[in-house]
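One-letter residues, chain by chain:
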Amino acid sequence: MHGDAVTIAMAVIAIAVLVILIARFKLSPFVALTLTAIGLGIVSGVTPEHTVDAFAKGFGGALARTGPVVGLGALLGGILIGTGGADRIANAFIGTRPIYYAPWTVCAAALLIGMPHLFDVSFIMLAPLVYTVAKRTGSHLLYIGLPLAAGLYVSHGLLPPHPAPMLAVVAYHANTGLTLAYGLLIAIPTAVICGPLFTRVIRPYFGPAPDLNTGPVAASEPAANRPQVSLALSVTSVLIPPGLMLIGTMGMAYSVKGSLAYILFQSVNDPILSLLAAVIFAFFALGVRGGFTLVDVQKMASKGLGPLGVILLILGAGGGFKEMLSAIHLDVIIVHHTAGWAVNPLVLAWAIAALLRICVGSATVATVAASGIVAPLLLSHPGVSPELMVLATASGAVMLSHVNDSGFWLFKEYFQLTVAQTLRTWTLMLTLQSFVGLAGVLLLETVIR
């Protein structure tokens with residue numbers, strides 16, 4: 001028992017050191033995760049050689065499935081942005097409708113556009129559109145910008161193929177298509193509550209309106225001499241991955257395991273294959289058919305990969321950290337001592353991820369660390385859905401974004417806000433998203449059971 005207590009204490013200290021390295025010393029999350037993982041292994045008595053081997057094994061294991069999915073999602077996003085497909089979707093949703101509908105249409109467009117995009121890329125791309133709509137309607141910038149951020153972050157936080165949910169899918173051995181299906185059931189009402197409804201409630205407290213003529217971005221205008229891609233094909237490009245995975249999940253449920261039909265549906269359910277199909281479709285339907293040269297489309301796709309370097313390193317290092325927790329047998333200890341706990345593992349996963357997010361500021365790091373700690377609980381709670389564990393962890397990992405989160409400063413600077421304004425809009429919105437996500441997970445659990 002003493003040995004177990006010491007192992008648990010070392011793991012807790014390692015997580016505390018990780019938080020301090022990132023939050024206090026502003027160390028790169030990749031470097032902090034690597035140092036913490038290797039340090040934990042050596043201090044726990046694992047030989048340096050086996051420590052490095054375990055870290056490398058976890059690094060490679062985390063990226064084996066997550067890396068291709070995230071990469072293909074970024075390629076698809078790059079083509080949508082470069083060809084103007086994302087702009088076509090956004091403008092089709094917004095149009096010239098009355099100002100009352102603006103938060104609803106902006107949030108819906110952001111939820112759809114955000115599915116294949118990283119949050120930062122989507123936000124920067126759509127920020128000029130927010131200024132344009134705010135000017136057109138004569139409204140406060142936050143009246144348009146807050147629902148946009150809500151829609152994008154709900155997709156970013158809950159839905160594969162985004163990095164954090166995808167890594168949790170791998171950690172919990174969840175079904176990607178089923179996770180996406182459950183995620184959509186939670187994401188849509190969450191976007192409505194945290195987007196247009198929250199905007200309506202918080203509107204009297206927005207504070208001074210930013211000057212729309214002096215912001216960091218200009219109002220968007222149609223690009224001169226750029227081909228207009230098809231709206232239908234743009235929407236189809238976005239919907240191919242979730243559509244194929246949902247079809248695959250449903251088909252597998254109603255076909256005989258091992259049959260040809262089951263194998264076909266299983267292939268369709270694979271996120272790598274479904275995203276690859278979407279990338280190929282977008283390459284030709286939006287790129288070549290849209291009047292762009294092959295070289296231009298290739299440049300668009302490659303540009304989408306630009307922001308991925310750091311994210312993939314963090315995901316890999318997080319996998320190494322998770323493997324190190326297994327190397328010191330923390331997973332065995334957790335299963336042994338929590339078999340009789342009355343605490344719902346979904347709530348525990350959410351709480352640990354939320355605490356890490358508040359301390360570290362990175363949703364990806366919070367998801368990585370929390371899933372590594374909580375995943376062993378599934379062995380002692382076999383009735384818990386691994387897909388819901390993914391969504392519970394992902395919901396906790398968006399909790400209370402504040403000054404240690406890059407997204408906080410991105411939102412603040414692009415919309416010319418004070419820190420106080422950002423705290424009572426952006427921070428409250430993501431805190432609400434975290435709680436609504438947990439409520440959705442618990443509600444789904446009661447229905448499934």
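Residues numbered from 1 in each chain as written. Predicted model: local features only at pLDDT ≥ 70, side-chain atom pairs only at ≥ 80, totals over all residues. Heavy atoms only, no water.

**Q** Requested: an account of the side chain of Thr36, with residues and values cited.
**A** Along the chain, Thr36 falls in helix H2 (residues 29–43). A relative accessible area of 5% means that Thr36 is categorised as buried. For Thr36, the side chain forms a polar contact with the main-chain oxygen of Ala32, separated by 2.7 Å. Sequence-distant contacts of Thr36, defined by excluding residues within four places in its chain, comprise Ala14, Val17, Leu18, Leu21 and Phe321. (Helix = DSSP H or I, 4+ residues; strand = E, 2+ residues; numbered from the N terminus. Buried < 20%, exposed > 50% of the residue type's maximum accessible area, 1.4 Å probe, protein only. Polar contact = N/O pair within 3.5 Å; in protein donor to acceptor, adjacent residues only side chain to side chain. Contact = heavy atoms within 4.5 Å.)

**Q** Tell me about unusual backbone geometry, and please be specific about residues and values.
**A** Unusually for a residue other than glycine, Lys26 sits at a positive phi of about 55°. One can find Lys26 in the loop between helix H1 (2–23) and H2. Given a relative accessible area of 62%, Lys26 falls into the exposed group. At His173, a position not held by glycine, the phi torsion is positive, near 55°. Summarising the element assignment, His173 is placed in the loop between helix H8 (163–172) and helix H9 (176–202). Exposure remark for His173: the relative accessible area of 70% places this residue in the exposed category.

**Q** Before we move on, can you summarise the pattern of salt bridges with the specific residues and values?
**A** Overall, the coordinates contain two salt bridges when judged by the stated rule. Ionic pairing is found between Lys57 and Glu323, a salt bridge with its closest N-O pair at 3.9 Å. One end of the pair, Lys57, is in helix H3 (residues 48–83); the other, Glu323, is in helix H14 (residues 308–327), with 266 residues separating them in the sequence. Residue Glu323 is classed as partly exposed on the basis of its relative accessible area of 22%. Between Lys412 and Glu413 there is a salt bridge, and its shortest N-O distance comes to 2.9 Å. Here Lys412 falls in the buried class, since its relative accessible area comes to 13%. (Salt bridge = Lys/Arg side-chain N within 4 Å of Asp/Glu carboxyl O.)

**Q** An account of the packing of aromatic side chains is requested, with residue identities and associated values reported.
**A** Inspection of the entire model under this criterion finds eight aromatic pairs. Taken together, a centroid distance of 5.3 Å and an interplanar angle of 50° make the contact between Trp350 and Phe435 tilted. Here the residue Trp350 occupies a position in helix H16 (residues 345–360), and Phe435 occupies one in helix H21 (residues 419–448), the gap between them amounting to 85 residues. Judged by its relative accessible area of 11%, Trp350 falls in the buried class. Members of the aromatic cluster, connected to one another through ring pairs, are Phe123, Tyr153, Phe411, Phe415 and Trp426. If you follow Arg24 out to its NZ or CZ, it ends over the ring of Phe25, 5.7 Å from the centre. (Phe/Tyr/Trp six-rings, centres within 6.5 Å; stacked < 30°, edge-to-face > 60°. Lys NZ or Arg CZ within 6 Å of the ring centre and 35° of its normal.)

**Q** Hey, could you go over the packing of H3 against H8 for me, with residue numbers and the actual values?
**A** Close contact between H3 and H8 brings their axes to 9 Å; oriented N to C, the two are set at 140°. By the angle class used here, H3 and H8 are oblique. The element H3 and its partner H8 pack so that their crossing is right-handed. Facing H3, whose interface residues are Gly61, Ala62, Arg65, Thr66, Val69 and Val70, H8 presents Pro163, Met166, Leu167 and Val170. (Axes fitted to C-alpha atoms, helices over the stretch in contact; angles between N-to-C directions. Parallel < 35°, antiparallel > 145°, perpendicular 65-115°, else oblique. Left-handed = near helix turned anticlockwise from the far one by under 90°.)

**Q** Which residues make up the side chain of Gln433, and what values go with them?
**A** Looking at the secondary structure, you find Gln433 in helix H21. The residues touching Gln433, leaving out its near neighbours within four places in the chain, are Tyr153, Val154, Thr190, Cys194 and Val398.

**Q** Would you mind going over the environment of Leu80 in detail, with residue names and values included?
**A** Along the chain, Leu80 falls in helix H3. By relative accessible area, Leu80 is classed as buried at 1%. For the pair formed by Leu80 and Ala282, sequence separation is 202 residues and the distance between their alpha carbons is 7.5 Å.

**Q** An account of the packing of H8 against helix H19 (residues 386–396) is needed here, citing residue identities and associated values.
**A** Relative orientation of the contacting elements H8 and H19 amounts to 140°, with a least axis distance of 9 Å. With respect to their mutual orientation, H8 and H19 come out oblique. The chirality of how H8 crosses H19 is right-handed. Contacts between H8 and H19 involve Pro165, Ala168, Val169 and Tyr172 on the former and, on the latter, Pro386, Met389, Val390 and Thr393.

**Q** So, H16: which residues are in play, and what are the values?
**A** With 16 residues, H16 should cover 22 Å at 1.5 Å per step; its first-to-last C-alpha distance of 22 Å lies within 8% of that length. Those residues of H16 that sit buried are Pro345, Leu346, Ala349, Trp350, Ala353, Ala354, Leu356, Arg357 and Val360. Structurally, the start of H16 carries an N-cap: the backbone nitrogen of Leu346 is 2.9 Å from a side-chain oxygen of Asn344. (Expected span 1.5 Å × (residues − 1).)

**Q** Which residues make up the confidence of the model for the chain, and what values do they have?
**A** A residue-level look at the chain finds 92% of positions with pLDDT of 70 or above and a mean pLDDT of 84. Highest mean pLDDT in the chain belongs to H19 (95); lowest belongs to helix H15 (residues 330–338) (67). (pLDDT = per-residue confidence, 0-100.)

**Q** How would you sum up a nonpolar patch on the surface? Please name residues and give values.
**A** Taken together, the side chains of Leu273, Leu276, Ile280, Phe284, Val288 and Leu294 present a nonpolar region at the surface, about 530 Å² in accessible area. With five residues, helix H12 (residues 271–288) is the single largest residue contributor to the nonpolar patch. Of note, Phe284 is situated in helix H12. Overall, Phe284 belongs to the partly exposed group, its relative accessible area being 48%. (Patch = residues over 30% accessible without salt bridge, like charges linked within 9 Å, V, L, I, M, F, W, Y side chains within 5 Å. Areas by Shrake-Rupley, 256 points an atom, 1.4 Å probe, with all protein chains shown as cover.)

**Q** Please set out helix H17 (residues 363–374) residue by residue, giving values where relevant.
**A** The periodicity of an α-helix, 3.6 residues per turn, causes residues three or four positions apart to be oriented the same way. The terminal C-alpha atoms of H17, which comprises twelve residues, lie 16 Å apart, in line with the 16 Å expected from a rise of 1.5 Å per residue. For H17, a buried count of twelve out of twelve residues is recorded, marking the element as mostly surrounded by other parts of the structure.

**Q** Can you lay out the environment of Leu246 for me, pointing to particular residues and giving the numbers?
**A** By the secondary structure assignment, Leu246 is in helix H10 (residues 231–253). Spatially, the C-alpha atoms of Leu246 and Asn269 are 6.9 Å apart, while their sequence positions differ by 23 residues. Not counting residues up to four positions away in its chain, the partners in contact with Leu246 are Gly177, Leu180, Ala181 and Leu184.

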